[in-house]
Amino acid sequence: MATKLPKEPVVVIGMGWAGGIIASELTKAGIKVVGLERGKERKMSDYLMVHDELRFQHREELMQDLSKETVTHRNNSKMRALPMRQYGTFIVGDGLGGAGSHWNGQTYRFLPYDFEIKTMTEERYGKNKIKADYPLQNWGITYDELEPYYDTFEKMSGISGETVELYGRRSNPYPTKPMLKTPVLEEFEKAAKKLGYKPYMMPSANLSENYENPDGIARAACQYCAYCENFGCEYGAKADPVVTVLPVAQETGNLDLRTHANVTQILNDGTKATGVIYVDTLTGEEFEQPAEVVVVASYVFNNARLLLNSGLGKPYNPADGTGVIGKNYCYQVSSGYSTLFYNDREFNLYAGAGALGIEIPEFTGDNFDHTNENFIHGAGIRSTQYGNRPIANNNVPIGTPSWGKEFKEQSIKYTNSILQVKSQGASMPHRQNYIDLDPAYKDAYGMPLLRITYDYTEQDKELVKYMAKVTKSIAEEMGPDHIDTVGEQAPFNVNVDTNTHNTGGVIMGAEPETSAINSYQQMWDAENVFVVGASAFPHNSCFNPTGTLGALSYRAAEGIETYLKQGGSLV
Ligand SMILES: Cc1cc2nc3c(=O)[nH]c(=O)nc-3n(C[C@H](O)[C@H](O)[C@H](O)COP(=O)(O)OP(=O)(O)OC[C@H]3O[C@@H](n4cnc5c(N)ncnc54)[C@H](O)[C@@H]3O)c2cc1C
Ligand code: SF4
């Protein structure tokens, strides 16, 4: 029997970027917030002098414990889904700050095209360009409407970058200057310029200079230490909820933060939530936390899982395309890249940062003509310098055995002599790609696991073929001795590490028939439930998601404030 606690105005499930922004904005406005986080407390000093690749990158200490909770996956609905028992594709965050404590910090805005993708595609290419199996839709908000919230997110986190002509209008320049352009990035820049492209420095949440944000939070500049992706930052140079929004919320005295609090259910009467049930994972004790407003900010997977487990919203049915919860699950398309091997050149690949990169805008969104292509949208073509660490640094030409003498020789030969031209492609929704509750497997608390039914589509395969030609042409211009290009998209494999950009499942839109939430992230079916995070995206763009989910979180916070005053639907 759960212990019932006194009612509070707002309860937030999950204390990552989405939950942290909501908590910070509401508490600043004088609203009491209970923040429930299933993982442990985290602080910047946890990372001091612990550049331990084995511990953080390979044993994934900052990530969700897969022995307690995981997801199941199958490539199509005829297969039986099996639990992901070791990390590969999806690296799910856990603990204060969520995945924001160990992300890279590549912080983009999506394109105006993204938000009105259906209308703009049909206007330019006709109604038949989008096949019936791809339930593409507009987002119910335009880029111009979201722009002020992007600006707020960028100022809060101190994003460095430069304005790009082909992208959406900016009301302000980036708050900090671009990161340093290293000799590695100059190699890409020279080649791209020769081919007529306009390279720009990747927008970065690794601070390029010391910075104080509008909340008065001061942080130090990045040291290019190379222990960034999968690691916490010991300098606070990488924007992380723990060093930005959460201290602001705590300072107000209005945030009641409870770690080791795993929410298992959102209590509701079918039209409104009344609170949540959570388990204290240290004692096993169960609590009921009643609240006026429930904010679900527990990442794409658990956002959908909690709603489905709580009977909130209509589950998606892939057979007839009805229902919304679990719909339009998308990923990211990362094949099409080229690896460049140099016999007689060495680069300083041991320095780097999570968002140190350069790229070209010409193949993103609808910035090139798709009339003769069997795909829409595009890819960010980029070169990055994250910094090589000693263990996971064994790139060898395709065809080299994966162990033994030849592998060792090639690995040593190229250890500091490999560059890459990467392609990060958009992911369009497909009717047969979706998430629901697994009928067989449960987590340590008895809640069904989330089941992912997903494979790459024809659209993805065509996109990869096209982008492979682009990356190869730039690679050739960079003059290496050997190039390997991955020109075909292999079937989706949950054990292969590509990236962790999951989107969809609780999507936003202008109509309740085809979306779960409105543009304030408020559920159509339960007006006091706000579902925040990349679960809201009706498709995934060719950019990393956090800038956009951050902007949407600021808008949601504004919506919650209004809702607490006047109630009802916000649109
Ligand atoms: C290695 C890595 C690198 C990345 N790099 C980039 C990048 O460069 N750029 C970019 O845009 N994105 C990047 N991402 C993705 C980015 O980290 C996420 O988009 C972002 O952090 C998601 O924020 P969120 O608040 O929605 O979810 P999360 O950060 O996952 O936070 C959700 C929180 O909810 C908690 N939670 C979950 N379920 C429950 C429950 N039932 N009860 C209580 N609490 C719960 C979790 O423990 C977690 O702390 C990266 C991700 C990883 C893993
Ligand atoms: S590379 Fe920069 S931002 Fe990343 S962990 Fe190192 S110092 Fe921090």
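Everything quoted here is computed from the prediction, not taken from an experiment. (Residues numbered from 1 in each chain as written. Chains lettered and ligands numbered in written order. Predicted model: local features only at pLDDT ≥ 70, side-chain atom pairs only at ≥ 80, totals over all residues. Heavy atoms only, no water.)

(A) Spotlight on the overall build of the chain. The helix and strand tally for the chain stands at eleven helices and 22 strands. Relative to the compact-globule value of 25 Å for 571 residues, the chain shows a C-alpha radius of gyration of 23 Å, a close match. Considered along the principal axes of its C-alpha atoms, the chain spans approximately 70 × 55 × 50 Å. In the chain, once contacts between residues fewer than 6 apart in sequence are set aside, the share between residues at least 24 apart is 76%. Accessible surface, the chain as shown: approximately 21800 Å² in total, 49% of it carbon and sulfur. Both charge centroids of the chain, one from 53 positive and one from 70 negative side chains, sit 2 Å from each other. (Helix = DSSP H or I, 4+ residues; strand = E, 2+ residues; numbered from the N terminus. Rg over C-alpha atoms; globule rule 2.2 N^0.38 Å. Contact = heavy atoms within 4.5 Å. Areas by Shrake-Rupley, 256 points an atom, 1.4 Å probe, with all protein chains shown as cover. Lys, Arg positive; Asp, Glu negative; His and termini not counted. Charge placed at Lys NZ, Arg CZ, Asp CG, Glu CD.)

(B) How the structure looks around the nonpolar core. Counting residues in hydrophobic clusters, the biggest one holds 151 residues, and the most contacted among them are Phe90, Ile266 and Ile474. Here this core gets eight residues from one element, more than from any other, and that element is helix H11 (residues 546-566). If near-sequence neighbours (up to four positions away) are discounted, Phe90 is found in contact with Val71, Met84, Phe301, Tyr329, Tyr331, Ile452, Phe492, Val494, Thr500 and Asn502. Formed by six residues, the second largest nonpolar core is a distinct cluster that contains Tyr47, Ala226, Tyr227 and Phe231. (Core = buried A, V, L, I, M, F, W, Y, C linked by side-chain atoms within 4.5 Å. Buried < 20%, exposed > 50% of the residue type's maximum accessible area, 1.4 Å probe, protein only.)

(C) Looking closely at the pairing of strand S3 (residues 33-36). Side chains of S3 alternate between two faces, with Val33 and Gly35 and Val34 and Leu36 buried alike. In this sheet, S3 lies alongside strand S2 (residues 8-13) in parallel orientation, the contact comprising four bridges. Bridge assignment links Val12 to a residue of S3, and that residue is Gly35. Between S2 and its parallel partner S3, the chain crosses via helix H1 (residues 17-28), and the hand of that crossover is right-handed. Here four bridges tie S3 to strand S9 (residues 255-258), and the two strands are oriented parallel to one another. Bridge pairing in S9 places Leu36 opposite Arg258. (Pairing = 2+ DSSP bridges. Right-handed = clockwise from strand over helix to strand, strands pointing away.)

(D) Highlighting the environment of Lys177. By the element assignment, Lys177 lies in the loop between helix H5 (143-157) and helix H6 (183-194). Sequence separation between Lys177 and Asp438 is 261 residues; the distance between their C-alpha atoms is 47 Å. Discounting residues that sit within four places of it in the chain, Lys177 has contacts with Ser160, Gly161, Ser208 and Glu209.

(E) Quick look at the site of ligand 1. Around ligand 1, a shell composed of 36 residues is seen, among which Glu37, Ala99, Gln106, Asn302 and Thr546 lie nearest. Between ligand 1 and Ala99 there is a distance of 2.8 Å, counted from an oxygen atom to a backbone nitrogen or oxygen. Here Pro545 contributes a backbone N or O atom positioned 3.4 Å from an oxygen atom of ligand 1. Relative to its free-state accessible area of 990 Å², ligand 1 is covered by the protein chains to the extent of 98%. Only H1, strand S10 (261-268), helix H8 (299-309) and H11 provide two or more residues apiece to the shell around ligand 1. A total of three residues in the shell around ligand 1 trace back to one element, the largest contributor, which is S10. Residue composition of the shell around ligand 1, by class: 14 nonpolar, 18 polar and four charged. (Near = heavy atom within 4 Å. Polar contact = N/O pair within 3.5 Å; in protein donor to acceptor, adjacent residues only side chain to side chain. Nonpolar A, V, L, I, M, F, W, Y, C, P; charged D, E, K, R; others polar.)

Without other data, these values stay purely geometric and don't point to any function.
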